[in-house]
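So the chains spell out like this:
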Amino acid sequence: MVAALGAHEKTLKPGASMLAWGFDPIYFAGRRMDLRDLDKVSTARPVVVIHSNFHVANANTAVLGKAGIDRHTNVHGIVKDSRGEPTGELQEMTAKYMAYRAAGAELAAVLSDEQAVWRFARVAQLAGVTTATDLHNELPDSTVEGYLAASRSDDFPLRLLPAFAATSVPPEQGIPRLQALMKKNNERLRFQLVKIVTDGSIQGLSARMRWPGYYDGTPNGVWNVGPDDIDRILLGWHRAGFQVHIHTNGDEASEVAIEAVERARSAAPRWDHRHTLQHAQMADAGQFRRMKALGMCANLFANHLFYWGDIHYARTLGPERAERMDACATALASGVPFAIHCDAPVTPIGPLFTAWCAVNRLTASGRTLGEAEKISVADALYAVTLGAAYTLKLDEELGSIDVGKRADFAILEEDPLEVAPQKLKDVGVWGTVLGGRVFEAPR
């Protein structure tokens with residue numbers, strides 16, 4: 001990886017920063033990447049490597065110098081070695097954004113200009129997707145303009161729902177900002193969602209775990225919004241009538257979020273709020289029962305079972321907890337409305353593959369990870385259609401074919417209820433229909 005980055009570095013203009021993405025160190029044996037590695041790429045230009053999970057990054061000495069990060073910097077998420085020196089690994093928002101600013105990288109703008117939005121829409125359409133979310137965005141003006149410009153076109157094949165990053169500004173500033181953005185909504189673009197990110201990533205070693213913690217003894221993860229702050233942020237948006245999606249990976253994070261929703265409901269009673277836990281990968285049966293009682297939803301990260309299931313079994317969670325992670329069957333039995341997702345681009349977008357993961361629960365090595373948590377093909381298809389629409393408060397418009405609803409659906413080359421469950425991911429997508437307009441997939 002260092003050699004590849006070094007070769008690319010030679011193609012960049014002097015003074016330009018290098019921003020890379022896709023690194024996943026949990027698959028590398030031995031030590032973690034550190035300053036020694038990225039300083040081989042360059043000691044002059046800023047170099048930032050974002051991990052595939054987007055929760056962790058590595059930076060070189062040039063970035064740390066510009067950001068003012070040294071042994072005396074007391075910021076949670078700045079990883080330090082046994083001597084107290086920064087290693088260049090930066091976990092979660094506060095530490096990462098110090099590096100982004102130092103490198104001159106405005107990530108939201110990079111990822112959400114008009115052409116990037118078009119590329120995503122085309123990839124989504126090829127996978128049979130008609131509505132997708134961008135579930136954490138600060139929504140700077142440049143990003144909003146990119147979304148608006150793309151979605152105004154009749155040829156744009158996707159409906160998009162960006163979620164406003166609740167911690168980007170205080171609620172008293174964010175609420176009027178989102179209310180103003182909602183006035184710009186059009187047929188293909190809907191501003192209405194809010195996102196709070198509590199903990200980090202399980203495989204990124206930054207998720208917040210209840211006892212006994214990480215299976216291999218890794219220290220507990222990092223709070224982005226923890227117990228001290230979540231009430232203030234959630235209650236502000238809850239009182240204003242917004243639906244809040246809350247990122248939780250570890251079970252401690254799910255506990256903190258559930259308790260915060262309970263307090264918000266007590267302080268400002270609201271029916272049908274549908275506050276949703278995003279990922280909720282380690283939520284247990286008791287937590288699902290409480291979610292049901294509170295009127296909450298869940299969006300479970302089924303793709304994790306395939307991409308990181310073996311790692312979770314052997315290293316991060318251990319066999320018992322890995323067998324019950326992304327517990328679709330428990331959610332179903334508890335009566336919690338739920339969807340399943342890929343978290344693109346963390347894993348590739350493809351609802352049929354996501355459904356296949358929930359139905360078969362196979363890891364990359366072929367291990368069945370939690371026989372008791374498998375769900376049927378019909379339930380998995382519901383989770384990626386009407387179940388997903390329910391978690392977005394769009395089930396009266398989208399998610400099923402019915403009189404009075406939008407004519408949005410995928411056209412498949414085989415009946416997914418007729419093929420063997422193991423073949424569900426292999427069903428071809430002929431194209432999609434959006435608002436009655438046919439978008440045939442290129443051959």
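**Q** What is the right way to read unusual backbone geometry from this model?
**A** Most peptide bonds are trans, and most residues other than glycine sit at a negative phi. Here the amide bond leading from Trp-211 into Pro-212 is cis, since omega sits at 10°, within 30 degrees of zero. With respect to the element layout, Pro-212 can be found in the loop between strand E8 (193-197) and helix H9 (230-239). Note the cis peptide between Ala-344 and Pro-345, where omega equals 10°. With respect to the helices, strands and loops of the structure, Pro-345 is situated in the loop between strand E12 (338-340) and helix H16 (351-360). With a phi angle near 55°, Leu-139 is a residue other than glycine that sits in the positive phi range. Among the secondary structure elements, Leu-139 is positioned in the loop between strand E6 (131-137) and helix H7 (141-151).

**Q** Is there a simple way to explain the sheet that holds strand E4 (residues 78-80) in this structure?
**A** Pairing between sheet strands relies on hydrogen bonds along the backbone, with the strands arranged either parallel or antiparallel. Strand order in the open sheet formed by five strands is E1-E2-E3-E5-E4, with mixed pairing between adjacent strands. In the strand order of this sheet, the two ends are held by strand E1 (18-23) and E4, each with one partner. The mean angle between the axes of side-by-side strands here comes to 25°, regardless of whether they run parallel or antiparallel. Of the strands in this sheet, strand E2 (47-51), strand E3 (56-59), E4 and strand E5 (86-91) are in contact with helix H4 (residues 92-103), which crosses E5 at around 110°.

**Q** Whenever I open this one, the nonpolar core confuses me. Can you help?
**A** As a rule of thumb, soluble globular proteins bury nonpolar side chains together. Ranked by internal contacts, the top residues of the largest apolar core, which has 73 residues, are Trp-237, Phe-288, Leu-300, Phe-338 and Ile-340. Beyond its immediate sequence surroundings of up to four residues, Trp-237 is in contact with Phe-164, Ala-166, Pro-171, Gly-174, Ile-175, Leu-178, Val-194, Phe-242, Val-244 and Arg-270. Counting residues in hydrophobic clusters, the runner-up holds 17 residues, among them Val-63, Leu-90, Ala-99 and Leu-107.

**Q** Would you mind going over the packing of aromatic side chains with me for this structure?
**A** Two measures describe an aromatic ring pair: the distance that separates the ring centres and the angle between the ring planes. A complete count under the given rule lists 12 aromatic pairs for this structure. Centroid distance Trp-21 to Phe-54: 5.5 Å. Interplanar angle 25°. Geometry classified as stacked. With Trp-21 in strand E1 and Phe-54 in the loop between E2 and E3, the pair connects residues that are 33 residues apart, well separated along the chain. Taken together, a centroid distance of 5.5 Å and an interplanar angle of 90° make the contact between Phe-306 and Phe-353 edge-to-face.

**Q** Hey, could you run me through the pairing of strand E11 (residues 297-300) in this one?
**A** Regular strands place their side chains on alternate faces of the sheet. Burial along E11 is two-sided: Cys-297 and Asn-299 and Ala-298 and Leu-300, pointing in opposite directions, are all buried. Alignment of strand E10 (residues 276-279) against E11, held across four bridges, turns out to be parallel. Each bridged residue has a counterpart across the sheet, and for Leu-277 the counterpart in E11 is Ala-298. Handedness of the crossover is the feature at issue here: the chain leaves E10, passes through helix H11 (residues 285-294), returns alongside E11, and the resulting connection is right-handed.

**Q** What's the story with the sheet that holds strand E13 (residues 409-412) in this structure? I'm lost.
**A** One open sheet accounts for three strands, arranged E13-E14-E15; its pairing is antiparallel. Strand pairing shows two members of the sheet lacking a second neighbour, E13 and strand E15 (437-440), which therefore form its edges. Each strand axis lies, on average, 25° off the axis of its neighbour in the sheet, ignoring direction. One ladder, built from four bridges, connects E13 with strand E14 (residues 429-434); its direction is antiparallel. Each residue of the ladder has a partner; that of Ile-411, found in E14, is Gly-431. Helix-sheet contacts for helix H6 (residues 114-126) involve E14 and E15, and the interaxial angle to E14 is about 120°.

**Q** Please explain the environment of Pro-319 as it appears in this structure.
**A** Considering the arrangement of structural elements, one finds Pro-319 in helix H14 (residues 319-323). Taking the C-alpha atoms as reference points, Pro-319 and Gly-370, 51 residues apart in sequence, are found 9.4 Å from one another. Excluding anything up to four places from it in sequence, Pro-319 contacts Tyr-215 and Tyr-313.

**Q** Would you explain a nonpolar patch on the surface in this entry?
**A** A cluster of nonpolar side chains, contributed by Leu-19, Val-110 and Leu-111, occupies part of the molecular surface with about 250 Å² of accessible area. As for its position among the elements, Leu-19 is in strand E1. Given a relative accessible area of 36%, Leu-19 falls into the partly exposed group.

**Q** Sorry, what's going on with helix H13 (residues 309-316) here?
**A** Along an α-helix, a turn takes 3.6 residues, which lines up residues three or four apart on a common side. Every buried residue belonging to H13 is among Gly-309, Ile-311, His-312 and Thr-316, and all of these are buried. Down the axis of H13, the smallest arc covering the buried residues is 160°, so these residues share one side. Its buried side turned inward, H13 meets helix H12 (304-307) and H14. Looking at the residues trailing H13, positive phi occurs at Gly-318, about 85°.

**Q** How should the packing of helix H8 (residues 171-182) against H9 be read in this particular structure?
**A** Two quantities define a packed helix pair, namely the angle between the axes and the distance from one axis to the other. Put simply, H8 and H9 touch, their axes get as near as 10 Å, and they point 35° apart. Note on packing geometry: the crossing formed by H8 with H9 is right-handed. Here Pro-171, Gly-174, Ile-175 and Leu-178 of H8 lie close against H9, whose contacting residues are Arg-232, Ile-233, Gly-236 and Trp-237. Residue composition of the contact of H8 with H9, grouped by class: five nonpolar, two polar and one charged.

**Q** I'm lost on the pattern of salt bridges in this one. Help?
**A** Where charged atoms from two side chains of opposite charge approach closely, those side chains can pair. All chains considered together, the criterion is met by 28 salt bridges. Between Arg-31 and Asp-34 there is a salt bridge, with the nearest N and O atoms lying 3.7 Å from each other. Of the residues examined, Arg-31 reaches a relative accessible area of 48% and is grouped as partly exposed. The shortest N-O distance in the salt bridge between Arg-159 and Asp-408 comes to 2.5 Å.

Procedures and definitions
Residues numbered from 1 in each chain as written. Predicted model: local features only at pLDDT ≥ 70, side-chain atom pairs only at ≥ 80, totals over all residues. Heavy atoms only, no water. Helix = DSSP H or I, 4+ residues; strand = E, 2+ residues; numbered from the N terminus. Pairing = 2+ DSSP bridges. Axes fitted to C-alpha atoms, helices over the stretch in contact; angles between N-to-C directions. Contact = heavy atoms within 4.5 Å. Core = buried A, V, L, I, M, F, W, Y, C linked by side-chain atoms within 4.5 Å. Buried < 20%, exposed > 50% of the residue type's maximum accessible area, 1.4 Å probe, protein only. Phe/Tyr/Trp six-rings, centres within 6.5 Å; stacked < 30°, edge-to-face > 60°. Right-handed = clockwise from strand over helix to strand, strands pointing away. Patch = residues over 30% accessible without salt bridge, like charges linked within 9 Å, V, L, I, M, F, W, Y side chains within 5 Å. Areas by Shrake-Rupley, 256 points an atom, 1.4 Å probe, with all protein chains shown as cover. Salt bridge = Lys/Arg side-chain N within 4 Å of Asp/Glu carboxyl O. Arc of directions from axis to C-beta. Left-handed = near helix turned anticlockwise from the far one by under 90°. Nonpolar A, V, L, I, M, F, W, Y, C, P; charged D, E, K, R; others polar.

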